[in-house]
Structure formats: structure tokens, C-alpha cells
Amino acid sequence: MRKIVPFLVFLFFIVACEGNVDFFPGSNQAYVPVYAKPTDLNNIGTESARAVEKPGKIYVIGNLLLQNDLNKGVHLVDIIIPNQPRKIAFLRIPFSTEISVKNNYLYVNNFNDLLVFNITDPQNPALIKRLANVFPYHNSEYPPMSGVYFECVDKTKGIVVDWKLETVNEPKCRR
Amino acid sequence: MPPLKFIPMQKKILFAVCILLFSLLLIHCNKTSENNAFAPNPSGQGGSLARFTIVGNYLYAVDEENLSVFKILDAANPVLIKTTKVGFEIETIFPFKDKLFIGSTSVVHIFSIENPEDPVKLSQAISPNVIRRCDPVVAKDTVAYATLRVNGECGGIQSVLACYDIKNVLNPVQKFAVNVGEPYGLGYKDDVLYVCDRQAGLRVYDISKAYLPVQIKVLTDATWYIDVIPYNNVLLCWTNAGVTLYDITNNRNPVLLTSIQ
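Residues numbered from 1 in each chain as written. Chains lettered and ligands numbered in written order. Predicted model: local features only at pLDDT ≥ 70, side-chain atom pairs only at ≥ 80, totals over all residues. Heavy atoms only, no water.

Caption draft 1: Representation of the sheet that holds strand E5 (residues 79-85) of chain B in the model. Residues and elements named next belong to chain B. Here four strands make up an open sheet; going across it, the order is E2-E3-E4-E5 and the pairing antiparallel. The open sheet has two edge strands with one neighbour each: strand E2 (52-55) and E5. When strand polarity is set aside, the average angle formed by the axes of neighbouring strands in this sheet is 20°. (Pairing = 2+ DSSP bridges. Helix = DSSP H or I, 4+ residues; strand = E, 2+ residues; numbered from the N terminus. Axes fitted to C-alpha atoms, helices over the stretch in contact; angles between N-to-C directions.)

The following block contains the structure:
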């Protein structure tokens, strides 16, 4: 009995401190950051129209519909005939998540930068301005979930652009 | 009216100028509405989950904690004017008259942009019984509608669609809340409110009684719905298929047009 009680007290403290997590958190489901190299930031260009991979935020102006492809760029679509939308082009912009338009100027984020494109000819958007470091990139420190383990971000590996749920041995971070 | 030759010269000139101005106005109005299937708006429209919004000659952007103001009087040359701290875990921004509604995981912050270069915090609307939620919000007249979601980073107990009385924006009052499974973006056309309930579908509510939304139907053409933009007679939905379009000529009865991937 005398040997058991200290062991039970020890167990109690382990459980109390760890809360509602696995009693033996050696190997656990945790979020792992997906990195991308900052050198890819300037890889901007116009491609022919293609299918969206990760459908993101939408914007509309006149007969032009725009959709962000999460962290990849902006799809431009002609919706003058709403039941026959026609894809015009894909504007490749790494780490883009937001869209806004005024007149013929498209504003998109590119990581921490704000870009301005002239889209008078939506088949050929032209990059005309970059404002560097005007806002911090969203969601790069921790996954967009609470009550989860995650692999701590190592900034030397690049910019965090996504999170994947995997089995991780002894994940060190939690939120 | 006396014959023209008897009217004093000044009055004739004034009359001629009025006719000229009126004609110019007619020509201008005709020009801006031709060749457009949709009504003209120099800044178009984004959804309720946006972090960027344009009001007049200014672009407002929110990141996790701050509101940045860019002057775009010269649209080709934005200039960063100011960055203001707003709060924590900021998610969305919605412009309403001379205000900005900024949604976060806990509260909706309301800012005045009476001076567009200097946003000033007026108040915040805290939903009762909320610990942490995600609040995309839209406002119509004196009512604000927000979806408060409890999954993931948002915490809380029950996801709802909430209605706030914003007659006095310094004191927003929650008037009503109805349980919704996993609500995301929302938008309205006249007396109909569209709410994305992710995998359950697109919920269509009658809001002719502003504080008492009544569900009319749920659309399930797409696998999941995240945000909507009601755009004249077309409802543009951000879905798993890219963008799904509905005809909302009858806003109570959206008719599926197509999806574009």
C-alpha cells in the first residue's frame, strides 16, 4: 500500500497537468506545418485558365468574377452570361489569400506585401506596384484549431502555408 | 409662361444652362450603365469573410490584430496611411455606411470611418454566453446579422445565427439567436438572408421581420458552402466546386444555374 500511494499521487498529477489528453502522449495526432520557400514569393505570372485547386474567397466587379486559389493566385472569370461563366485566365500569386478591386485595379496580398495589378485586359493582368511588408501573413504561427498538439514552427524551414494532421512522435507544441 | 423674346436675358441664360446640365447628366448616366449585365460599382463586392474591403477612396485590410488603411484615390498607387490595433484573432471586415464592422473570434468591433484616414473604435458587440466565436457579420438598415461558430479555433458552446439591433451602434443589442450547425459566411438580398451552413447547405431565411429570421429552405446542390455574394439577380457562392451560381430573381427561391471550377 505504501508503495502504491505515491505512485497513485504521481499518476494523479500527471493526469491533472495534462488535462484531457492521452495518458501516454508519446505518439499523437498532431498538426504539422507545411512550409514554402520565401524565394517563391516573386514567382508571379499569368497562365491560361485552369480548374481551381483550393477554392478561396470570391469577389465580383462588373461582369468579372474573381476567386482566390488559396496561396496560389486568382482565377478570373467572365460572368456576363451567368449560366455560362467563362474562365479567362489564372494569375499566379504565391501566398495570396485576399482580393479587392477598384476600377481596373486588382489588389491582392502576396505574403506580407500588397500587390496592384492593372486588369483592364483581364487576359493579361499587369503587375504595376508592390508595397512591401505592409501586413503580417495570417496563420503562420499555429494551426487554426484550438485544443490540439502541433509541431512547433521552425522559421528556418520557410513560410508556413498550410497544416496537415499526422501522427507525430512527441509533439512539443499545443494550443 | 410669356413668349421667349419677352423673358429677361439672365433668365434665358440660366434656363439654357439648366438644359445643358440636365442633358450632360442624362448622357453620363446612360454611358455608365451600358454594356453591363450588372449595375456599375467602381469597387465591386466581396464576401462576408473578407479581410480586405474598399470604401470610397480607401482600402481597409485586417490581419490578426490590426487594421491598415491605404489611400487609393489614385487607384494605381495605394499609399499606407495608418495601422491601428484592433484586438485579437481578427477574422473579417464589413463596411456599413460610415462604419466598419470587424469580426473576431470573440467580439464584433465597430469602428467609425467618418474620417476615413483615422478609424476610431466606437463599441463592440459581445454575444451573451460566448467565450470564443467567429463572427462574419453583415448589416442591413438598423440590424446586423452575424454567424457565430464554435468549431476549431472559435470555441464556445453552440453555433448560432444572431441578430443585433444597431440603431445605436454604441450599444449593439442582441435580439435573437437561432442554432445553426456550422455557419460561415452570409449575405442578403432585400428581405432574404442567405447563410452558409458548411456541409448542411445554404440556408435561406425570410427577414421581412428583421429580428426574426424564418428559414424558408436549405439548398444542398454543393457539398459545402462557405460564403455568398448576392449580386443583383445572381447569388455567387464559394463552394467546394469553386463558385456555384444561382438565379435569385425571386430571392426566396434561388434557382441553380451552374458551378465553375
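That shown, we press on.
Caption draft 2: Representation of the environment of B:Leu100 within the structure. All names here are of chain B. Within the secondary structure layout, leucine 100 lies in strand E7 (residues 99-104). Exposure remark for leucine 100: the relative accessible area of 0% places this residue in the buried category. Those residues in contact with leucine 100, other than ones at most four positions away along the chain, are Thr53, Val55, Tyr60, Leu67, Ile93, Phe94, Pro95, His109, Ile110, Phe111 and Ile113. (Buried < 20%, exposed > 50% of the residue type's maximum accessible area, 1.4 Å probe, protein only. Contact = heavy atoms within 4.5 Å.)

Caption draft 3: Structural view of the interface of chain B and chain A. Counting from both sides, the interface comprises 52 residues of chain B and, opposite them, 47 residues of chain A. Taken together, the two surfaces of chain B and chain A that pack against each other cover about 4000 Å², and 64% of this comes from carbon and sulfur. Ranking the residues of chain B by area buried against chain A places B:Phe52, B:Trp238 and B:Ile260 at the top, with a combined share of 15%. Across the chain B-chain A interface, the total number found is zero salt bridges. Taken together, the connections running from chain B to chain A amount to 12 residue pairs in polar contact (both at pLDDT 80 or more). Among the elements of the structure, strand E1 (45-46), E2, strand E3 (58-62), strand E4 (66-71), strand E18 (225-231), strand E19 (234-239), strand E20 (242-247) and strand E21 (255-260) of chain B are those that each provide at least two residues to the side of chain B that touches chain A. (Buried area = accessible area lost by both parts, 1.4 Å probe. Salt bridge = Lys/Arg side-chain N within 4 Å of Asp/Glu carboxyl O. Polar contact = N/O pair within 3.5 Å; in protein donor to acceptor, adjacent residues only side chain to side chain.)

Caption draft 4: Broad picture of the sheet that holds E20(B). Residues and elements named next belong to chain B. If you walk across this open sheet you meet the four strands as E18-E19-E20-E21, and the pairing is antiparallel. Unpaired on one side and paired on the other, E18 and E21 mark the two borders of the sheet. Across the sheet, the mean angle separating the axes of adjacent strands is 25° when strand polarity is ignored. As defined by bridge partners, E19 adjoins E20 across six bridges and the pair is classed as antiparallel. Each residue of the ladder has a partner; that of cysteine 237, found in E20, is threonine 244.

Caption draft 5: How the structure looks around unusual backbone geometry. Here the phi dihedral of A:Glu170 falls at roughly 50°; this positive angle occurs in a residue that is not glycine. Among the structural elements, A:Glu170 can be located in the loop between strand E12 (159-169) and strand E13 (173-174). A relative accessible area of 46% means that A:Glu170 is categorised as partly exposed. One non-glycine residue, B:Lys97, lies in positive phi territory at about 55°. Assignment of secondary structure puts B:Lys97 in the loop between strand E6 (90-96) and E7.

Caption draft 6: Examining the state of the cysteines more closely. Tallied over the full model, the rule gives one disulfide over all chains. Sulfur-sulfur distance for the disulfide between A:Cys152 and A:Cys173 comes to 2.0 Å. Taking the torsion about the sulfur-sulfur bond, which here is approximately 110°, the covalent link between A:Cys152 and A:Cys173 counts as right-handed. Residue A:Cys152 is located in the loop between strand E11 (149-150) and E12, and its partner A:Cys173 is located in strand E13; the two are separated by 21 residues in the primary sequence. Left without a disulfide partner, B:Cys196 is nearest to the cysteine sulfur of B:Cys237, which lies 6.3 Å away. Looking at B:Cys196, the relative accessible area reads 0%, which means it is buried. By relative accessible area, which is 0% here, B:Cys237 ends up buried. (Disulfide = S-S within 2.5 Å.)

Caption draft 7: Structural context of the nonpolar core. Judged by nonpolar contacts, the single largest core of 30 residues is most densely connected at B:Tyr194, B:Leu202, B:Tyr225, B:Leu235 and B:Leu236. If you list the elements that add at least two residues to this core, you get strand E3 (55-61) of chain A together with strand E15 (192-197), strand E16 (201-206), E18, E19 and E20 of chain B. Sequence-distant contacts of B:Tyr225, that is, excluding residues within four places in its chain, are made with B:Cys196, B:Arg198, B:Gly201, B:Leu202, B:Leu219, B:Thr220, B:Cys237, B:Trp238, B:Thr239 and B:Tyr246. With 26 residues, the next largest nonpolar core counts B:Cys163, B:Val169, B:Leu193 and B:Val195 among its residues. (Core = buried A, V, L, I, M, F, W, Y, C linked by side-chain atoms within 4.5 Å.)

Caption draft 8: Up close: the pairing of E16(B). All names here are of chain B. Buried residues dominate E16, accounting for six of its six residues. In this sheet, E16 lies alongside E15 in antiparallel orientation, the contact comprising six bridges. Across the sheet, the residue bridging to leucine 193 is tyrosine 205, located in E16. From the end of E15 to the start of E16, which pair antiparallel, there are three residues, and arginine 198 there has a positive phi angle of about 25°.

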